[in-house]
Amino acid sequence: VRLLVFLREVQGDKLYAFVAAADRESARQAFDRGIACILKCQVRVDGQLTTWCAQHDEIDYRPRPARKFELVSLSGNESVGIVRLLMSLEKPSPEVVASVEGAIAWFEKSKLTGIRLEEFRDLKAAGCNDRRVVQDPAAPPLWARFYEIGTNRPFFCDRDGIPKYQLSEIGHERRNGYDWFGDWPRTLLEKEYPQWKASLRSD
């Protein structure tokens, strides 16, 4: 997303007026190819558009793993930036609109309620705290970093590459050294998406 934003700035921002016209046109074409790639990568489950994996194959666009604890999944984090980029397009195509709508529906479906993440003092690990999931009916929604494609179950993973379905089931190092939960889509759902929808109706 950051690279595509840079390409868009190169093609149209006066800050880059020193760039040759041919290079600005190349940047425009590369940006368009990037958007096309994003649309091809969006994962469908049972025919429904969902979101994206944090990384995809450069040949066939399938979701791909990264580090040992970053398995093939639907991303509750990286997908937010992708949706924001798509919503920033002027006069979005029907394909772009469908992509955004599919992702938003997935975010709504995948939010986790009634829990929050809390840090506890860990007496067994000197100077370290421990993150735990606790029940809290009043907590605002959270999203998991990774969701299993097909089941949509949140999962967590140690450096052994074996998915677990409770944060407490992975070791202290990965449990506390990675952002497994967050409220990444919250502003998108509550403010940005409704504003975007309203702008489409007014065009």
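Everything that follows concerns the structure shown earlier in this document.
Calculation notes
- Residues numbered from 1 in each chain as written.
- Predicted model: local features only at pLDDT ≥ 70, side-chain atom pairs only at ≥ 80, totals over all residues.
- Heavy atoms only, no water.
- Salt bridge = Lys/Arg side-chain N within 4 Å of Asp/Glu carboxyl O.
- Helix = DSSP H or I, 4+ residues; strand = E, 2+ residues; numbered from the N terminus.
- Buried < 20%, exposed > 50% of the residue type's maximum accessible area, 1.4 Å probe, protein only.
- Phe/Tyr/Trp six-rings, centres within 6.5 Å; stacked < 30°, edge-to-face > 60°.
- Lys NZ or Arg CZ within 6 Å of the ring centre and 35° of its normal.

**Things to note about the pattern of salt bridges**
Here is step 1 of the chain: Within the structure shown, the criterion is met by 16 salt bridges.
Here is step 2 of the chain: A salt bridge links E101 to K197, with the shortest nitrogen-to-oxygen separation between them at 2.7 Å. Within this pair, whereas E101 is found in helix 4 (residues 94-110), its partner K197 is found in helix 6 (residues 186-202), the two being separated by 96 residues in sequence.
Here is step 3 of the chain: Between R116 and E118 there is a salt bridge; the shortest N-O distance is 2.0 Å.
Here is step 4 of the chain: Given a relative accessible area of 33%, R116 falls into the partly exposed group.
Here is step 5 of the chain: Given a relative accessible area of 24%, E118 falls into the partly exposed group.
Here is step 6 of the chain: The network of salt bridges with common partners includes E25, R28 and D32.

**Structural notes on the packing of aromatic side chains**
Aromatic ring pairs are described here by two measures, namely the spacing of the ring centres and the angle between the planes.
Here is step 1 of the chain: Going through the model one piece at a time under the given rule, you end up with 12 aromatic pairs.
Here is step 2 of the chain: Ring centres 5.8 Å apart and planes at 85 degrees place the aromatic pair F6 and Y16 in the edge-to-face group. Taken together, the residues span a long stretch of sequence, with F6 in helix 1 (residues 2-12) and Y16 in the loop between helix 1 and helix 2 (21-41) at a distance of 10 residues.
Here is step 3 of the chain: Taking relative accessible area as the criterion, F6 reaches 40% and is therefore assigned partly exposed.
Here is step 4 of the chain: With relative accessibility at 16%, the residue Y16 sits in the buried group.
Here is step 5 of the chain: Here F146 and F155 contribute two aromatic rings whose centre-to-centre distance is 5.8 Å and whose plane-to-plane angle is 25 degrees, an arrangement assigned as stacked.
Here is step 6 of the chain: By relative accessible area, which is 2% here, F146 ends up buried.
Here is step 7 of the chain: One aromatic cluster is present, formed by F69, F146, F155, F156, Y178, W180 and F181 through successive ring pairs.
Here is step 8 of the chain: Lying over the aromatic face of F120, R132 brings its terminal NZ or CZ to 4.3 Å of the ring centre.

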